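Residues per chain, in single letters:
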Amino acid sequence: MLALDHLVVGCANAKEKSGESSLVAVEGGVHEQWGTYNYLGYLYNACYIEWLSPYDHTKAEEADNPLIHDLLDHLTDPSASDAIQFALRTENMDSFLEHFRRQAIPFSGPYPGSRVRKDGAKLEWRMLFPLGEPGLKLPFLIEWVGPGNTAPNAEAVNPLSIQTVQFGVEDVEHARKKMEWIYGLEETGGGSWGLANAKLELLTGNGLSFSMG
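Analysis parameters
- Residues numbered from 1 in each chain as written.
- Predicted model: local features only at pLDDT ≥ 70, side-chain atom pairs only at ≥ 80, totals over all residues.
- Heavy atoms only, no water.
- 1 Å grid on protein atoms, 1.4 Å probe; cavity = no way out; pocket = protein on both sides within 12 Å on 5 of 7 lines; lining within 4 Å.
- Points joined across faces, edges and corners; volume = space filled by probe spheres on them.
- Helix = DSSP H or I, 4+ residues; strand = E, 2+ residues; numbered from the N terminus.
- Salt bridge = Lys/Arg side-chain N within 4 Å of Asp/Glu carboxyl O.
- Buried < 20%, exposed > 50% of the residue type's maximum accessible area, 1.4 Å probe, protein only.
- Axes fitted to C-alpha atoms, helices over the stretch in contact; angles between N-to-C directions.
- Parallel < 35°, antiparallel > 145°, perpendicular 65-115°, else oblique.
- Contact = heavy atoms within 4.5 Å.
- Nonpolar A, V, L, I, M, F, W, Y, C, P; charged D, E, K, R; others polar.
- Core = buried A, V, L, I, M, F, W, Y, C linked by side-chain atoms within 4.5 Å.
- Expected span 1.5 Å × (residues − 1).
- Polar contact = N/O pair within 3.5 Å; in protein donor to acceptor, adjacent residues only side chain to side chain.

### As for empty space enclosed by the protein
Taking a probe equal in size to a water molecule and rolling it over the atoms shows the remaining empty space.
Turning to step 1, where the next piece is worked out: Here the structure, examined in full by the defined rule, presents one cavity of 30 Å³ or more.
Turning to step 2, where the next piece is worked out: Approximately 140 Å³ is the volume found for the largest cavity.
Turning to step 3, where the next piece is worked out: What lines the largest cavity is a set of 19 residues, and nearest its centre among them are His 6, His 31, Asn 38, Glu 50 and Trp 125.
Turning to step 4, where the next piece is worked out: Sorting the residues of the lining of the largest cavity by element identifies strand E3 (36–43), strand E4 (48–54), helix H3 (66–76), strand E7 (122–130) and strand E8 (140–144) as the ones contributing at least two each.

### Points about the pattern of salt bridges
Turning to step 1, where the next piece is worked out: Scanning the model with the defined rule gives eleven salt bridges in all.
Turning to step 2, where the next piece is worked out: In this structure, Lys 17 engages Asp 82 in a salt bridge whose closest nitrogen and oxygen atoms are separated by 3.2 Å. Placement of the pair is Lys 17 in helix H1 (residues 14–19) and Asp 82 in the loop between H3 and strand E5 (83–89), with a sequence separation of 65 residues.
Turning to step 3, where the next piece is worked out: When its relative accessible area of 25% is taken as the criterion, Lys 17 is described as partly exposed.

### Overview of the packing of helix H4 (residues 93–102) against helix H5 (residues 172–183)
Turning to step 1, where the next piece is worked out: Direction vectors running N to C along H4 and H5 enclose 120 degrees, while the axes themselves pass 9 Å from each other. Put simply, H4 runs oblique to H5. Facing H4, whose interface residues are Phe 96, His 99 and Phe 100, H5 presents Trp 181, Ile 182 and Tyr 183.

### Observations concerning unusual backbone geometry
Turning to step 1, where the next piece is worked out: In the segment running from Gly 109 into Pro 110, the intervening peptide bond is cis, with an omega of 5 degrees.
Turning to step 2, where the next piece is worked out: With respect to the secondary-structure elements, Pro 110 resides in strand E6 (residues 107–116).
Turning to step 3, where the next piece is worked out: Phi at Ala 46 is positive, roughly 60 degrees, even though this residue is not glycine.
Turning to step 4, where the next piece is worked out: Checked against the element boundaries, Ala 46 lands in the loop between E3 and E4.

### Re the layout of surface pockets
Turning to step 1, where the next piece is worked out: Taken as a whole, the largest pocket holds about 670 Å³ of empty space.
Turning to step 2, where the next piece is worked out: In terms of lining, the largest pocket is formed by 32 residues, of which the most central are Asp 70, Ser 79, Ile 84, Leu 136 and Lys 137.
Turning to step 3, where the next piece is worked out: Secondary structure elements with two or more residues in the lining of the largest pocket: H3, E5, E7 and strand E10 (162–169).
Turning to step 4, where the next piece is worked out: Broken down by element, the residue count for the lining of the largest pocket peaks at five residues, all from H3.
Turning to step 5, where the next piece is worked out: A class-by-class count of the residues in the lining of the largest pocket yields 15 nonpolar, eleven polar and six charged.
Turning to step 6, where the next piece is worked out: What lines the second largest pocket is a set of 31 residues, and nearest its centre among them are Met 1, Leu 2, Ala 3, Arg 89 and Thr 90.
Turning to step 7, where the next piece is worked out: Elements supplying a minimum of two residues to the lining of the second largest pocket: strand E1 (3–10), E3, E8 and strand E11 (192–194).
Turning to step 8, where the next piece is worked out: Tallied by class, the residues present in the lining of the second largest pocket amount to 17 nonpolar, nine polar and five charged.

### What to know about the environment of Ile 84
Turning to step 1, where the next piece is worked out: Summarising the element assignment, Ile 84 is placed in strand E5.
Turning to step 2, where the next piece is worked out: Overall, Ile 84 belongs to the buried group, its relative accessible area being 8%.
Turning to step 3, where the next piece is worked out: Sequence separation between Ile 84 and Lys 137 is 53 residues, and the spatial gap between their C-alpha atoms is 9.8 Å.
Turning to step 4, where the next piece is worked out: With near-sequence residues (within four places) excluded, Ile 84 lies in contact with Val 8, Gly 10, Asp 70, Leu 71, His 74, Ser 79, Lys 137 and Leu 208.

### Side note on the nonpolar core
Turning to step 1, where the next piece is worked out: The biggest cluster of nonpolar side chains holds 40 residues, and the ones touching the most others in it are Leu 141, Phe 167 and Tyr 183.
Turning to step 2, where the next piece is worked out: Looking at this core, the elements that each hand over two or more residues are E1, E3, E4, E5, H4, E10, H5 and strand E12 (199–204).
Turning to step 3, where the next piece is worked out: Look past the residues within four positions of Leu 141 in its chain and what remains in contact with it is Leu 2, Leu 88, Met 93, Phe 96, Phe 100, Arg 126, Met 127, Leu 128 and Tyr 183.
Turning to step 4, where the next piece is worked out: Membership of the second largest hydrophobic core comes to 23 residues, among which are Val 8, Leu 123, Phe 129 and Ile 142.

### Here's the deal with H5
Turning to step 1, where the next piece is worked out: Here H5 is twelve residues long and its end C-alpha atoms lie 16 Å apart, about the 16 Å a rise of 1.5 Å per residue gives.
Turning to step 2, where the next piece is worked out: For H5, the capping residue at the N-terminal end is Asp 171, with a side-chain oxygen 3.2 Å from the backbone nitrogen of Glu 173.
Turning to step 3, where the next piece is worked out: Downstream of H5 by one or two residues, Gly 184 has phi in the positive range, about 70 degrees.

Fair warning: the whole summary comes from geometry, so function is off the table for now.
Written out as structure tokens, the structure is:
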């Protein structure tokens, strides 16, 4: 079953922006290949909020990763909310690649990523982006090597969970059918699904929002 991995907050200064939050946030690290860095707020239900910023605009502009393009677009022309994207965690990305190719679902990636944490541990992952359409920007899939992006210590885990992610779309019924087809989600008929650790809900509108508790 897919799980909510993280929400991405695009900002010019991740340290400053994360400091405005009520969450305990820790320095993540640098993505040298993309010219970005992050701060992270780890949550109780095995997901996190990522504050993502560029430190090298030239390198970021040259990056092939669609998420980095989303970040730069947001900084130039801010979207409806600071949360610009979210990732769904899978333990079998190859099965999605086969599904996308078999069903002729357009996609980009997978893009390998890595960074070194402050404690010296190296994190590695892959990102896969099914391509959306006007009015429907799809979440990306992420697969971690090893245990994934876990908190460095117990004190870094906030005693809160993201309970629901609200995903604003132009046409809820159209988006529901696309989401169920692309991600293999259960056909609910109502535009909401239970993930392994949270709930995903479609709403008429734009932007991302979430509830915590």
